[in-house]
Amino acid sequence: AVTLSFLVEQDGKVGDSKVVTSSGFATMDEAARTAIMKCRFRPATKNGKPVKDWTKVQYVWTLK
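Since this is a predicted model, take the numbers as computed values, not measurements.

Engineer: I'd love a proper account of the packing of aromatic side chains, names of residues and values included.
Structural biologist: Summed over the entire model, instances satisfying the criterion amount to two aromatic pairs. Each ring, one from Phe6 and one from Phe41, has its centre 5.0 Å from the other, and the planes form 40°; the classification is tilted. Linking Phe6 in strand 1 (residues 2–8) with Phe41 in the loop between helix 1 (26–37) and strand 3 (44–46), this pair joins segments that are 35 residues apart in sequence. Residue classification places Phe6 among the buried positions, given a relative accessible area of 2%. Relative to Trp61, the ring of Tyr59 lies with its centre 6.2 Å away and its plane at 25°, an arrangement referred to as stacked. Residue Tyr59 is classed as partly exposed on the basis of its relative accessible area of 22%.

Shown next as structure tokens:
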């Protein structure tokens, strides 16, 4: 599992990401960062207006 912290911009795109807890495998950590950059989210709001904000997600890898 890798835990990422990422910045959701006002338009819902991911502006930046950081590995908070590594999976122990650099290639899996980087794959998770690449994947999160392709996602779109509903941005946080303040006083009814979209604002950028950091949040976290955990990717759990299963190898067979």
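Engineer: Tell me about the side chain of Ser23, residues and numbers included.
Structural biologist: By secondary structure assignment, the location of Ser23 is in the loop between strand 2 (14–21) and helix 1. With sequence-adjacent residues up to four places away left out, Ser23 is seen in contact with Ala1, Val2, Met28 and Asp29.

Engineer: Outline the sheet that holds strand 2, listing residues and values.
Structural biologist: Spatial strand order, 2-1-5: three strands in an open sheet with antiparallel pairing. Sheet topology places strand 2 and strand 5 (53–59) at the edges, where each strand pairs with a single neighbour. Direction aside, neighbouring strands of the sheet carry axes that sit 25° apart on average. Direction of pairing for strand 1 relative to strand 5: antiparallel, over a ladder of seven bridges. Bridge pairing links Val8 to Asp53 in strand 5. Helix 1 rests against strand 1, strand 2 and strand 5 of the sheet, and its axis sits at about 150° to strand 2.

Engineer: Please set out the side chain of Asp29 residue by residue, giving values where relevant.
Structural biologist: Note on placement: Asp29 falls in helix 1. For the buried Asp29, which has no salt bridge, the nearest side chain bearing the opposite charge is Arg33, at an N-O separation of 9.0 Å. Engagement of the side chain of Asp29 in a polar contact is seen with the side chain of Ser22, the distance being 2.5 Å. With residues near it in sequence (within four places) discarded, Asp29 still touches Val2, Val19, Ser22, Ser23 and Gly24.

Criteria and cut-off values
Residues numbered from 1 in each chain as written. Predicted model: local features only at pLDDT ≥ 70, side-chain atom pairs only at ≥ 80, totals over all residues. Heavy atoms only, no water. Phe/Tyr/Trp six-rings, centres within 6.5 Å; stacked < 30°, edge-to-face > 60°. Helix = DSSP H or I, 4+ residues; strand = E, 2+ residues; numbered from the N terminus. Buried < 20%, exposed > 50% of the residue type's maximum accessible area, 1.4 Å probe, protein only. Contact = heavy atoms within 4.5 Å. Pairing = 2+ DSSP bridges. Axes fitted to C-alpha atoms, helices over the stretch in contact; angles between N-to-C directions. Lys, Arg positive; Asp, Glu negative; His and termini not counted. Salt bridge = Lys/Arg side-chain N within 4 Å of Asp/Glu carboxyl O. Polar contact = N/O pair within 3.5 Å; in protein donor to acceptor, adjacent residues only side chain to side chain.

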